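# Examining the three-dimensional arrangement
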Amino acid sequence: YKHAANREAQHAFWNMAGEHNHPMDFEIMPRAVFSSPQVAAVGLREQDAKARGIEHRAVRFDYLETGMGLAMEAEDAFIKLLLDPEEPKILGCHIMGPDASTLIHEVVVVMAAMEGNPAGITVPVHIHPSLSEVIQRAL
């Protein structure tokens, strides 16, 4: 992914300049496939969590459960979240549907800046109707 390569180059520069000395965090590197439908993800996949013995809870929520998803007739679109069952933390997120590559950023920001605390998504008001409600309601 070009965005990952850009960040790696930035880290390499910082490390060579002595301004920054820690490795890349690939756990919160977003990824997207610009197909139809779009697919986007960040964090752990369910099979990764299982292979590592990480306890998790999987939650799936369909776009059709929101006003915008219904208006768009997004019949096969959904979000899947992997959550820590013990503490408020998002471990991973996968989205398949319209604007998935844009929607994933809400989760990326919470994972990067708030240690995955879902309150960063559940507390703020989301515009209605908008696709961002898919993420908020899934949580």
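That block above? That's the structure.
What counts and what doesn't
- Residues numbered from 1 in each chain as written.
- Predicted model: local features only at pLDDT ≥ 70, side-chain atom pairs only at ≥ 80, totals over all residues.
- Heavy atoms only, no water.
- Phe/Tyr/Trp six-rings, centres within 6.5 Å; stacked < 30°, edge-to-face > 60°.
- Lys NZ or Arg CZ within 6 Å of the ring centre and 35° of its normal.
- Buried < 20%, exposed > 50% of the residue type's maximum accessible area, 1.4 Å probe, protein only.
- Helix = DSSP H or I, 4+ residues; strand = E, 2+ residues; numbered from the N terminus.
- Pairing = 2+ DSSP bridges.
- Core = buried A, V, L, I, M, F, W, Y, C linked by side-chain atoms within 4.5 Å.
- Contact = heavy atoms within 4.5 Å.
- Axes fitted to C-alpha atoms, helices over the stretch in contact; angles between N-to-C directions.
- Salt bridge = Lys/Arg side-chain N within 4 Å of Asp/Glu carboxyl O.

### A few points about the packing of aromatic side chains
Summed over the entire model, instances satisfying the criterion amount to zero aromatic pairs. The positively charged end of R60 is found above the aromatic ring belonging to F78, 3.9 Å away from the centroid.

### Brief notes about the pairing of strand β5 (residues 90–96)
Of all seven residues in β5, six are buried, a share of seventy percent or more. Pairing geometry for strand β2 (residues 39–43) and β5, over five bridges, is antiparallel. Across the sheet, the residue bridging to G43 is G92, located in β5. Hairpin connection from strand β4 (residues 78–83) to β5: six residues lie between these consecutive antiparallel strands.

### Notes on unusual backbone geometry
A cis geometry characterises the amide bond from S36 onward to P37, with omega recorded as 10°. By the secondary structure assignment, P37 is in the loop between β1 (31–33) and β2. The residue after H128, namely P129, is reached through a cis peptide bond having omega -5°. By the secondary structure assignment, P129 is in the loop between α5 (119–122) and α6 (132–138). A positive phi angle, near 60°, is found at D99, a position not held by glycine. Looking at where D99 falls in the secondary structure, it is placed in the loop between β5 and α4 (100–113). Classification of D99 by relative accessible area gives partly exposed; the value is 40%. The residue E115 is not glycine, and still its phi comes out positive at about 55°. With respect to the secondary-structure elements, E115 resides in the loop between α4 and α5.

### Observations concerning the nonpolar core
Counting residues in each nonpolar core, the largest one holds 26 residues, and the members touching the most others are Y63, I79, I90, C93, I95 and V107. Secondary-structure elements contributing two or more residues to this core are β2, β3 (57–62), β4, β5, α4 and α6. Top element by residues in this core is α4. It accounts for seven residues.

### Section: the environment of V59
For V59, the position within the fold is in strand β3. A sequence separation of 79 residues divides V59 from A138, and the C-alpha atoms of the two residues are 7.0 Å apart. In contact with V59, not counting residues within four places along its chain, are I79, K80, L81, L83 and A138.

### A word on the sheet that holds β4
As summarised here, the arrangement of the five strands in space is β1-β2-β5-β4-β3, forming an open sheet in which the pairing is antiparallel. Of all the strands in the sheet, just β1 and β3 have a single pairing partner and so form its edges. If you compare each strand with its neighbour and ignore which way they point, the axes differ by 10° on average. Direction of pairing for β4 relative to β5: antiparallel, over a ladder of six bridges.

### Details of the pattern of salt bridges
Two side chains carrying opposite charge are able to pair once their charged atoms lie near each other. Enumeration over the complete set of coordinates arrives at five salt bridges. Put simply, D48 and R45 hold a salt bridge, and the shortest N to O gap is 3.0 Å. For R45, a relative accessible area of 38% translates into the label partly exposed. Notably, a salt bridge pairs R60 with D62, separated by 3.2 Å at the nearest N-O pair. D62 sits in the partly exposed class, given a relative accessible area of 27%.

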